[in-house]
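Listed here are the chains, written in short residue letters.
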Amino acid sequence: MATWSAPGKVFLFGEHAVVYGKMGIAMAIRPRVFVTVRDTKRPSRAKSPYIDSCFEAMGVIGSVYINSQIPSSSGLGSSAAVTVATLAAINDEFNLNKTREDIAAMAFEIEKTVQKGRASPTDTTVSTYGGIVLITGGSRRRLPPQNMHLVVGDSLVSHSTSRMVEQVADLKKRHPEIVDPVLDAIQGVSMSAIHQLSNPRELGRYMNMNNSLLEVLGVGHPQLAKMILASRQAGAFGAKITGAGGGGSMVALCPKQLKHRVAKAIESCDGRAIVTAIDTEGVRKEKNV
Ligand code: MEV
């Protein structure tokens with residue numbers, strides 16, 4: 001029996017713009033998915049195309065037990081975390097000698113197949129390696145970790161990443177004169193933010209700017225807007241949509257002493273708040289329980 005876990009993620013800057021080759025910054029965060037795999041000839045497991053694909057890709061048969069702290073469809077990369085942790089647990093249980101690089105690459109291919117061609121290599125990279133990841137075009141590079149006090153607000157409004165990506169593509173086709181400069185401006189925000197990762201006050205301002213630009217792209221939602229404003233009023237340095245928008249989650253960067261007040265403000269808007277911080281480990285082995 002082998003138990004492995006993998007973290008979720010937030011986009012700090014640059015979601016949607018990264019789809020067009022612009023820079024983005026994502027970070028692994030603490031809610032984790034725990035996956036236990038057992039080598040058995042009579043497999044029992046949750047019905048999930050991600051799990052089935054993991055066993056198929058590894059060429060083995062076994063049982064799985066999943067315990068997820070990451071809400072699904074919340075924009076926090078839960079499917080990538082499940083896939084990464086399952087591959088790592090299968091690798092360990094069956095002694096398959098895959099490297100972390102292999103796991104990240106296989107997880108991305110599985111996400112792409114299950115999600116019918118549309119998957120984010122950011123999610124699988126961040127979940128595998130942890131820390132802060134800079135996305136530039138096709139490349140992904142880890143940045144030095146920073147301790148940030150974050151509160152994630154899940155709007156509990158379901159959304160579809162592929163639908164939101166299509167919606168932005170459609171707007172770009174109809175109004176390139178508006179959307180192209182907005183994508184450039186988001187890249188400008190990310191490029192400035194990268195130099196301020198240890199300066200939360202300044203970083204918060206950039207998050208607010210990024211959020212306004214996402215609103216122009218049409219990926220806002222009244223529930224997200226309410227939680228973002230409430231977080232700022234409660235003292236957050238900055239707050240923005242994180243991920244695809246149209247529902248899903250927002251993230252607030254807070255002074256340490258105010259994170260619980262910000263969480264309360266989010267919950268008073270009927271969102272689910274998660275007080276969190278960076279995860280620097282990525283996928284890791286857990287003691288079997
Ligand atoms: C979704 O978490 C982030 C998007 O930029 C899509 C992607 O990067 O694949 C909207």
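For clarity, every value in this text was computed on a predicted model and none was experimentally measured. (Residues numbered from 1 in each chain as written. Predicted model: local features only at pLDDT ≥ 70, side-chain atom pairs only at ≥ 80, totals over all residues. Heavy atoms only, no water.)

Caption draft 1: A look at the overall build of the chain. Counting its secondary structure elements, the chain contains 9 helices and 10 strands. Across its three principal directions, the C-alpha atoms of the chain cover 55 × 45 × 35 Å. Relative to its 289 residues, the chain shows a buried fraction of 57%. Each charge class in the chain was averaged separately, 34 positive and 24 negative side chains, and the resulting centres sit 4 Å apart. (Helix = DSSP H or I, 4+ residues; strand = E, 2+ residues; numbered from the N terminus. Buried < 20%, exposed > 50% of the residue type's maximum accessible area, 1.4 Å probe, protein only. Lys, Arg positive; Asp, Glu negative; His and termini not counted. Charge placed at Lys NZ, Arg CZ, Asp CG, Glu CD.)

Caption draft 2: Inspection of the packing of aromatic side chains at higher detail. Per the counting criterion, the structure on display carries 0 aromatic pairs. The ring centre of Tyr-20 lies 5.2 Å from the NZ or CZ of Lys-172, which sits over that ring. (Phe/Tyr/Trp six-rings, centres within 6.5 Å; stacked < 30°, edge-to-face > 60°. Lys NZ or Arg CZ within 6 Å of the ring centre and 35° of its normal.)

Caption draft 3: Inspection of the UniProt feature "domain: GHMP kinase C-terminal" (unreviewed entry) in the chain at higher detail. In the numbering used here, UniProt assigns the "domain: GHMP kinase C-terminal" (unreviewed entry) feature to residues 194-266. Note that residues 194-266 is 51% helix and 14% strand, and that its end C-alpha atoms are spaced 27 Å apart. (UniProt positions renumbered as here; feature names shortened; annotations may be inferred.)

Caption draft 4: How the structure looks around the pattern of salt bridges. One pass over the structure, following the stated rule, counts 13 salt bridges. In this structure, Glu-281 and Arg-284 form a salt bridge, with 2.5 Å as the shortest nitrogen-oxygen distance. With a relative accessible area of 41%, Glu-281 lands in the partly exposed category. Glu-286 is the salt-bridge partner of Arg-284, the closest N and O atoms lying 2.6 Å from each other. Look at Arg-284 and you get partly exposed, because its relative accessible area is 25%. Classification of Glu-286 by relative accessible area gives buried; the value is 17%. Shared partners join several salt bridges into a network, and the residues in it are Glu-281, Arg-284 and Glu-286. (Salt bridge = Lys/Arg side-chain N within 4 Å of Asp/Glu carboxyl O.)

Caption draft 5: Region of the structure containing the site of the ligand. Near the ligand, the surroundings consist of Lys-9, Phe-11, Glu-15, His-16, Val-18, Val-19, Arg-118, Ser-120, Thr-161, Val-165, Gly-243 and Ala-244. Protein coverage of the free-state accessible area of the ligand, which is 300 Å², stands at 94%. Elements supplying a minimum of two residues to the shell around the ligand: β1 (2-13) and α5 (161-174). Residues that form the shell around the ligand fall into these classes: 5 nonpolar, 4 polar and 3 charged. The residue makeup of the shell around the ligand includes at least three contributed by each of domain 1 (2-146) and domain 2 (150-276). (Near = heavy atom within 4 Å. Areas by Shrake-Rupley, 256 points an atom, 1.4 Å probe, with all protein chains shown as cover. Nonpolar A, V, L, I, M, F, W, Y, C, P; charged D, E, K, R; others polar. Domains from an automatic or database assignment.)

Caption draft 6: View of the sheet that holds strand β9 (residues 272-276). Read across the sheet, 4 strands follow the order β7-β8-β6-β9 without closing on themselves; strand pairing throughout is antiparallel. Single-partner strands in this sheet number two, and they are β7 (238-242) and β9. Averaged over all pairs of adjacent strands, the angle between strand axes in this sheet comes to 20 degrees, irrespective of strand direction. Two strands pair when backbone bridges link them, and strand β6 (residues 150-154) and β9 are joined in this way by 5 bridges, in the antiparallel orientation. (Pairing = 2+ DSSP bridges. Axes fitted to C-alpha atoms, helices over the stretch in contact; angles between N-to-C directions.)

Caption draft 7: Molecular detail of the environment of Ile-29. Note on placement: Ile-29 falls in strand β2 (residues 24-38). Among the residues examined, Ile-29 registers a relative accessible area of 1% and is labelled buried. In this view, Ile-29 contacts Pro-7, Gly-8, Lys-9, Val-10, Leu-76, Leu-150, Val-152, Thr-276, Ala-277 and Asp-279; residues no more than four positions away in its chain are not counted. (Contact = heavy atoms within 4.5 Å.)

Caption draft 8: Geometry of helix α6 (residues 176-193). With 18 residues, α6 should cover 26 Å at 1.5 Å per step; its first-to-last C-alpha distance of 25 Å lies within 8% of that length. The complete set of buried residues in α6 reads Val-179, Val-182, Leu-183, Ile-186, Val-189, Ser-190 and Ala-193. Projected down its long axis, α6 carries its buried residues within an arc of 115 degrees, all on one side. (Expected span 1.5 Å × (residues − 1). Arc of directions from axis to C-beta.)

Caption draft 9: Up close: the side chain of His-16. Here His-16 lies in the loop between β1 and β2. Those residues within four positions of His-16 in sequence are excluded, and the remaining contacts are Met-164, Val-165, Val-168, Leu-214, Leu-217, Val-219, Gly-243 and Ala-244.

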